[in-house]
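Residue-level listing of the chains:
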Amino acid sequence: MIKSLLPQVLAREETDTELKLRLAIDADLPFFEGHFPGQSVLPGVTQLDWAVRFGCEHFGYDASVASLEVLKFQQLMLPGTEVDLLISNNAAKGKLTFAYSEGERRFGSGRIVIAAHGDS
């Protein structure tokens, strides 16, 4: 059986400008394999990929990233947890802002500048 490359969505709230997802970070996701021995950690590149994929799908963008801004990973995202992913769309600037959190704990955040059609 092929494992999904996206996490399980437990809950979803959406408006015209925001998407909020409750995600299950299952221990059997393939991204944890070998990252790191002794303590599995969800790679930042995986967190970024999920934000791009969920955000572009929801807001109707092609998944072409021009650049990243203020990308920060504050705390380790461990297997077997649940987190919220909030993605906000600034359509006028072609930017998605994302943040992973659990209550007051922030795991990662940043802005994704979407490539204009033909810029990628």
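The shown structure was predicted, so the numbers you read here are calculated from the model rather than taken from an experiment.

Section: the overall build of the chain
Here is step 1 of the chain: Of regular secondary structure, the chain possesses 1 helix and 6 strands.
Here is step 2 of the chain: Shown N-terminal to C-terminal, the secondary structure of the chain runs as helices and strands in the order β-β-α-β-β-β-β.
Here is step 3 of the chain: Here the chain holds 120 residues, and the buried ones make up 35% of them.
Here is step 4 of the chain: Accessible surface computed for the chain: about 7,000 Å², of which carbon and sulfur atoms make up 51%.

So, unusual backbone geometry
Here is step 1 of the chain: A positive phi angle, near 40°, is found at Val-70, a position not held by glycine.
Here is step 2 of the chain: Inspection of the secondary structure assignment puts Val-70 in strand E3 (residues 65–73).
Here is step 3 of the chain: By relative accessible area, Val-70 is classed as partly exposed at 49%.

Concerning the nonpolar core
Here is step 1 of the chain: In this structure, Leu-23 and Tyr-100 are the most contacted members of the largest nonpolar core, which totals 24 residues.
Here is step 2 of the chain: Of all the elements, helix H1 (residues 44–59) adds the most residues to this core, at 7 residues.
Here is step 3 of the chain: Every residue in contact with Tyr-100, bar those within four places of it in the chain, is listed here: Leu-23, Gln-47, Trp-50, Ala-51, Met-77, Val-83, Asp-84, Leu-85, Arg-105, Arg-106, Phe-107 and Gly-108.

Notes on the packing of aromatic side chains
Here is step 1 of the chain: Within this structure, the stated rule accounts for 1 aromatic pair.
Here is step 2 of the chain: With 6.0 Å between their ring centres and 75° between their planes, Phe-98 and Tyr-100 make a pair best called edge-to-face. For the pair Phe-98 and Tyr-100, a shared accessibility class is recorded, and that class is buried.

Some remarks on the environment of Leu-71
Here is step 1 of the chain: Within the fold, Leu-71 resides in strand E3.
Here is step 2 of the chain: Classification of Leu-71 by relative accessible area gives partly exposed; the value is 35%.
Here is step 3 of the chain: Residues in contact with Leu-71, not counting those within four places in the same chain, are Leu-48, Phe-98, Ser-109 and Gly-110.

Observations concerning the pairing of strand E5 (residues 95–102)
Here is step 1 of the chain: Counting buried residues along E5, 6 of its 8 residues qualify, which places the element largely inside the surrounding structure.
Here is step 2 of the chain: Where strand E4 (residues 81–90) lies against E5, 7 bridges are found, and the strand directions are antiparallel. Counted as the bridge partner of Leu-86 is Ala-99 from E5.
Here is step 3 of the chain: When E5 meets strand E6 (residues 105–114), the two strands line up antiparallel, connected through 8 bridges. Bridging across to E6, Tyr-100 finds its partner in Gly-108.
Here is step 4 of the chain: Linking E5 to E6, which pair antiparallel, is a turn of 2 residues; within it Gly-103 sits at a positive phi near 65°.

How each quantity is defined
Residues numbered from 1 in each chain as written. Predicted model: local features only at pLDDT ≥ 70, side-chain atom pairs only at ≥ 80, totals over all residues. Heavy atoms only, no water. Helix = DSSP H or I, 4+ residues; strand = E, 2+ residues; numbered from the N terminus. Buried < 20%, exposed > 50% of the residue type's maximum accessible area, 1.4 Å probe, protein only. Areas by Shrake-Rupley, 256 points an atom, 1.4 Å probe, with all protein chains shown as cover. Core = buried A, V, L, I, M, F, W, Y, C linked by side-chain atoms within 4.5 Å. Contact = heavy atoms within 4.5 Å. Phe/Tyr/Trp six-rings, centres within 6.5 Å; stacked < 30°, edge-to-face > 60°. Pairing = 2+ DSSP bridges.

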